[in-house]
Structures are given as structure tokens and as C-alpha cells.
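Structure at a glance
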Amino acid sequence: MPQDDAFGWIDAHHERRLAAGLVRTLRPRSADAPLVDLAGNDYLGLTRHPEVTEAAAAAAREWGAGATGSRLVTGSTALHARLEAELAAFCGFEAALVFSSGYTANLAAVTALAGPAGGVDGALLVSDEGNHASLIDGCRLARAEKAIVPHADPDAVRKALAAHAGRALAVTDSVFSVDGDAAPLTALAAACREHGAALLVDDAHGLGVLGEGGRGAVHAAGLAGAPDVVATVTLSKSLGSQGGAVLGPARVIRHLVSNARTFIFDTGLAPAAAGAALAALAVLRREPQRAARVREIAAGLHGRFVAAGFEAVRPDAAVVSVRAPSPEAAVRWAADCREAGFAVGCFRPPSVPDGISRLRLTARADLSDAQVTAAADAIVRTAPAA
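Keep in mind it's a predicted model, so treat the numbers as computed, not measured. (Residues numbered from 1 in each chain as written. Predicted model: local features only at pLDDT ≥ 70, side-chain atom pairs only at ≥ 80, totals over all residues. Heavy atoms only, no water.)

What to know about the overall build of the chain
Counting its regular elements, the chain contains 14 helices and 12 strands. In terms of overall size, the chain behaves like a compact globule, its C-alpha atoms giving a radius of gyration of 21 Å where 386 residues would be expected to give roughly 21 Å. Residue burial in the chain is summarised as follows: out of 386 residues, 50% are buried. The long-range share in the chain, meaning contacts at least 24 apart out of those at least 6 apart in sequence, stands at 72%. On the chain, roughly 17000 Å² of surface is accessible, and the fraction owed to carbon and sulfur atoms is 55%. In the chain, 36 positive and 40 negative side-chain charges are present, and the distance between their average locations comes to 1 Å. (Helix = DSSP H or I, 4+ residues; strand = E, 2+ residues; numbered from the N terminus. Rg over C-alpha atoms; globule rule 2.2 N^0.38 Å. Buried < 20%, exposed > 50% of the residue type's maximum accessible area, 1.4 Å probe, protein only. Contact = heavy atoms within 4.5 Å. Areas by Shrake-Rupley, 256 points an atom, 1.4 Å probe, with all protein chains shown as cover. Lys, Arg positive; Asp, Glu negative; His and termini not counted. Charge placed at Lys NZ, Arg CZ, Asp CG, Glu CD.)

Rendered as C-alpha cells:
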């Protein structure tokens, strides 16, 4: 192969994706973009809340723009410790550990809890086929035996665990990011307990939306603080900031500090993000009605779409999914919505494991009734033919 054509294969790959309608492009937005946002994950409308932005600025002024190092060197501040304590208390867990993203938190939890450690063989990982990419990547990196089970199926989890004699860890989203449906957490926990397995729940889409005052799906299921349950959360959705955390028993958190590679070798979360998340958590404590408002808007959008004849999954939290006839139709539909003044998500393969393209909408607590109605009208009006 000629030296100047080492990446020539990329062009052919791009042409294949282009023909299939699967090319992704970046679309930088301006700070004052006029679009009504139903694509992002700012569920509680806190990203621009004045208390949250001022807390971020104050933390940057006090601590600097960056964490300066890994958490085990110079990257842990008093803000990180306070955020960990407040997250654990709010969500009902014994302890918490903050990471630079929800993705790295999931990688840490899966690999450190399921991989070989201290002469102990790796665990069996039982993973829902609809799990987020971060959980899937964690399973791949864990160097453990894996069983991929049908979506939201506790009996399939039970069967996989029954066929395994060693330690095991079941892994699931609490609310699945594509369709917005919730996992049967109580039944999954029961299946795990029958076989002495642990349960790891990614509550990224539950925190701030589900449970008492937005304490999350794990709390709502009565599993928060259980000795055999670990949860992960992101700070970049309901809390309007950046970062992630693992919540669980103190001994699990202690284990992660010494064994989770994405904790040990990654630079700590920027102080501004920690400060913003703390302020957002304070707003949520003071205004728990924001969680109920998100669910109300999501249910209203779903009802409108079903009435219009669309195939839409009933939302259990903030995500509303509406199926499109094809990848190309989904892209065109999203573009038409943008022209009408509304930003909506467009999910196509490989982002969707079942190969079905969708518009993915996210409810936001700060949307007015008029904005929600106008958005639903635009989506129905611009729908492609089946």
C-alpha cells in the first residue's frame, strides 16, 4: 500500500455509510440558538439556572479551571468530597465516588467489580441487550465471562445466573436511553438474590426524574442502600453539569479507589463541574416538583403522538421515542423539525441496537405548555410518509 494511502480504506467506508444514510456530522450551536431544545438531556432545565452557573464560576475562581491531576494525586478537592457525600445522602447510598463522566463511571464499576482481582477469577456478567454503550464497553473490557440476555427479562437473568457457579454481576440501565422504557428493577434484584449475585444499575436517566423528589429509579424501587446493589449516575443530565458517580456500599467505593483504572489514571472532574452539580442538587432538593413536571410533559407528548397514529414507546421517565420509516426519513424528519424551530434527537444504527431509526425527544421541566404544544404540532406536521 502506498505510504500516502494508509487511510484510503476510510473513503470506501464513508461511501458505504453515506449510501445507508448513516453518516454523522457535527452541528455546533451558538450560545443564543433560537431553537426550542427537545434533543438534549437537560431534564430539569438547570444548565442555565443562575444558581448553577454562578456556582460553576465561583468554583473556577476559587479552585482554578482544572482539577490539575488524577483524583489520587492532586485532583481531589473539598468540592469533590462534598459532592460525593451529598449525592450518596440524596440517593440513599452509603458512599459515592465522582468521575470525570458517566461513561468513565460505568467503565469503572463494571471492570472493577466483574474483572479478575487479587487472585479471584472474573465474575459472570449478565447484561441486558438494550444497555447503554458505556455498559457494553465495560463488559468488553472486564475480561469476564458474559451472558447477553433479552431486554428487560428477569427470567432470562435468572436462567443465566442458575447456569453459573461462581460470582456474578447483573448489569442494566434503569431507564433505557433509546426508547425511554424502565427496567423491572425489583424483579431483577430478586433474580440476583436467588443466586447471590450483585446488581449494577445505570441510573443516568432516572436521577432527577424518578423516585421521591427525583432521587432516582433505584431509590423508587426500594433498592438504594442495599448491600448487593450499586448504582451509577451522570451529572450531565438532570443536574445540568458534567461528570458521573458510582454509588454503593462503602467497601465497593473503597475497592474502586484502588482498582478502577478510569478513576486511577484519569484527571479528576473540573471544580467548576463539581460546584455546578452541587448547586443543581440544592435546587432539586428545594424544588422537587421539577421531577413531576418532566414526567407530565413526557406523558403528554406520548399521548399526542399515539393519537396521531405514530408508533411511540410509553415513556417511563423523560425520553419519548417515535419510530421513523428509515434512517434517511429520520434525518429528514429531524431537519424539518429544526426548520420549524425545534431541535429533536435522531437515532439511527448503530446507536439503536434493533436497527430501527427514531426521533428521540426529551422532556424538560422548564418548557411551557405552549412550547410543548407547538413542538408536538411541528413533529406531527412534518412526519414522513410510512
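Observations concerning the side chain of R348
Considering the arrangement of structural elements, one finds R348 in the loop between β11 (342-347) and β12 (358-362). Although R348 is buried, it forms no salt bridge, and the closest oppositely charged side chain is E328 at an N-O distance of 8.0 Å. At 3.3 Å, the side chain of R348 forms a polar contact with the backbone oxygen of V23. Beyond its immediate chain neighbours, meaning those up to four positions away, R348 contacts G21, L22, V23, R24, P327, V331 and S357. (Salt bridge = Lys/Arg side-chain N within 4 Å of Asp/Glu carboxyl O. Polar contact = N/O pair within 3.5 Å; in protein donor to acceptor, adjacent residues only side chain to side chain.)

Structural notes on empty space enclosed by the protein
Enumeration according to the criterion identifies three cavities of 30 Å³ or more in this entry. Lining the largest cavity are 13 residues, with D128, V157, V171, T172 and L188 sitting closest to its centre. Looking at the lining of the largest cavity, the elements with two or more residues in it are β3 (124-128) and β5 (168-173). Here the lining of the largest cavity is built from residues that sort into nine nonpolar, two polar and two charged. In terms of lining residues, the second largest cavity is bounded by C91, F93, D203, R215, G216, V218, H219, A231, V233 and L247. When contributions to the lining of the second largest cavity are tallied by element, the ones reaching two or more residues are α8 (217-220) and β7 (229-234). For the lining of the second largest cavity, a count of residues per class yields six nonpolar, two polar and two charged. (1 Å grid on protein atoms, 1.4 Å probe; cavity = no way out; pocket = protein on both sides within 12 Å on 5 of 7 lines; lining within 4 Å. Points joined across faces, edges and corners; volume = space filled by probe spheres on them. Nonpolar A, V, L, I, M, F, W, Y, C, P; charged D, E, K, R; others polar.)

Let's talk about the domain arrangement of the chain
Looking at the chain, the domain boundaries give domain 1 (30-46 + 288-382) and domain 2 (50-282). Across the boundary between the two partners, domain 1 contributes 24 residues, which contact 20 residues of domain 2. Carbon and sulfur atoms make up 60% of the surface buried where domain 1 meets domain 2, a total of about 1700 Å² over both sides. Contact with domain 2 buries surface across domain 1, with Y43, L46 and D316 losing the most and accounting together for 31% of the total. (Domains from an automatic or database assignment. Buried area = accessible area lost by both parts, 1.4 Å probe.)

Some thoughts on the packing of helix α3 (residues 78-91) against helix α11 (residues 271-286)
Where α3 contacts α11, the two axes come as close as 9 Å, and the packing angle between them is 30°. Classified by the angle their axes make, α3 and α11 are roughly parallel. Pair α3 / α11 crosses with left-handed handedness. Within the contact between the two elements, α3 uses L79, R82, L83, E86, L87, A89 and F90 and α11 uses P271, A274, G275, A277, L278, L281, L284 and R285. (Axes fitted to C-alpha atoms, helices over the stretch in contact; angles between N-to-C directions. Parallel < 35°, antiparallel > 145°, perpendicular 65-115°, else oblique. Left-handed = near helix turned anticlockwise from the far one by under 90°.)

Considerations on unusual backbone geometry
Unusually for a residue other than glycine, R143 sits at a positive phi of about 55°. Positioned with a positive phi, A152 is a non-glycine residue whose angle comes to about 50°. Its location among the elements puts A152 in the loop between β4 (145-149) and α6 (154-162). Taking the relative accessible area as the measure of exposure, A152 reaches 28% and is therefore partly exposed.

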